[in-house]
Amino acid sequence: MLTSTKVMLQMAQEGDYAVGAFNVYNMEGVLAVVAAAEQEFAPAILQLHPASLRHGGKPLFEMCLAAARSSFIPMSVHLDHSASDEDIRLALDAGLTSIMADGSTMAYDANVAFTGGVSALVHTKDGTVEAELGRLSGTEDDLTVPENLSKFTDPDQAADFVKRTGIDALAVCIGNVHGTYRSEPSLDFSRLQAIEASVDVPLVLHGASGLSEETIGRSIAFGVRKFNVNTEVRQAYMSSLSDSLGQTPQPDLTSVMGSAIEAMTAVVALKIQLFGSTNKG
């Protein structure tokens, strides 16, 4: 059933667990997330990066919304990392009302102004707005942010940011990165604890691929209610395609797609279990 992201995060806050947001690019990805969520009886978020929006456009939005509506468990559809007014309005026009307003590349006051404007617009649709304070390093799709340009979230500034923008969820930068971790992740939990104490909205952690069970558990204990997962699901998809093509030069297309769905479903299901959202649907 199509459900408000805000409601899902509030339920996670009350239940002390987190919801997985899984980036999807095509029908196979959508089917995998739905299959895993239904298998685990867990709420989940179908998440669209601007790169997948450019690839699939409005039909991809509509497919995700249709899949969420058809599922027997709570699901939402979320536009990730959007700094484009055009993309945001396209999403809203398509019926998608969960938006990440990404002003993380802007100066602070410009970020506040941009994010506050998106919040005002989306809230007229009774929607949900996530925003990022600080900036993550790493690579996601066609966007790379060098380590020297990353910036951690300041707890005091976070309180001001949430108050002035009216956002519903805050994505934090505490040592997490987009893409693959080059070494063992080391998150600043003291900072995360201070951020949780300074704001009254659920927290979001991007770059959840590669985080250990212990790290995920500690993050949830300090207020993280949404984890973004992309890299590991994509890797499962690409590995499955490679295996299928390696087995025979002309494999059956439906078998290739079926194997890819199974591979991604397994990854998503494992993440759902780690986030503590199994049987919360």
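Keep in mind the model is a prediction, meaning the values are calculated, not measured.

Digging into the pattern of salt bridges
Two side chains bearing opposite charge may form a pair once their charged atoms approach each other closely.
Item 1. Counted under the stated rule, the structure contains seven salt bridges.
Item 2. For D16, the salt bridge goes to R225, with nearest N and O atoms at 3.3 Å. Here R225 lies in strand β10 (residues 224–229) and D16 lies in the loop between α1 (5–15) and β1 (19–23), a separation of 209 residues in the sequence.
Item 3. Given the relative accessible area of 4%, R225 is considered buried.
Item 4. The partner of E232 in a salt bridge is K271, and the shortest N-O contact between them spans 2.7 Å. Of the two residues, E232 sits in helix α9 (residues 231–247) while K271 sits in helix α10 (residues 253–274), which places them 39 residues apart along the sequence.
Item 5. Among the charged side chains, a salt-bridge network with shared partners connects D109, D160 and R164.

Observations concerning the side chain of S240
Item 1. With respect to the helices and strands, the residue S240 is situated in helix α9.
Item 2. Looking at S240, the relative accessible area reads 8%, which means it is buried.
Item 3. Only 3.3 Å separates the side chain of S240 from the backbone oxygen of S259, close enough to count as a polar contact.
Item 4. Each residue touching S240, except ones within four places of it in the same chain, is listed here: S259, A260 and A263.

Rules used throughout
- Residues numbered from 1 in each chain as written.
- Predicted model: local features only at pLDDT ≥ 70, side-chain atom pairs only at ≥ 80, totals over all residues.
- Heavy atoms only, no water.
- Salt bridge = Lys/Arg side-chain N within 4 Å of Asp/Glu carboxyl O.
- Helix = DSSP H or I, 4+ residues; strand = E, 2+ residues; numbered from the N terminus.
- Buried < 20%, exposed > 50% of the residue type's maximum accessible area, 1.4 Å probe, protein only.
- Polar contact = N/O pair within 3.5 Å; in protein donor to acceptor, adjacent residues only side chain to side chain.
- Contact = heavy atoms within 4.5 Å.

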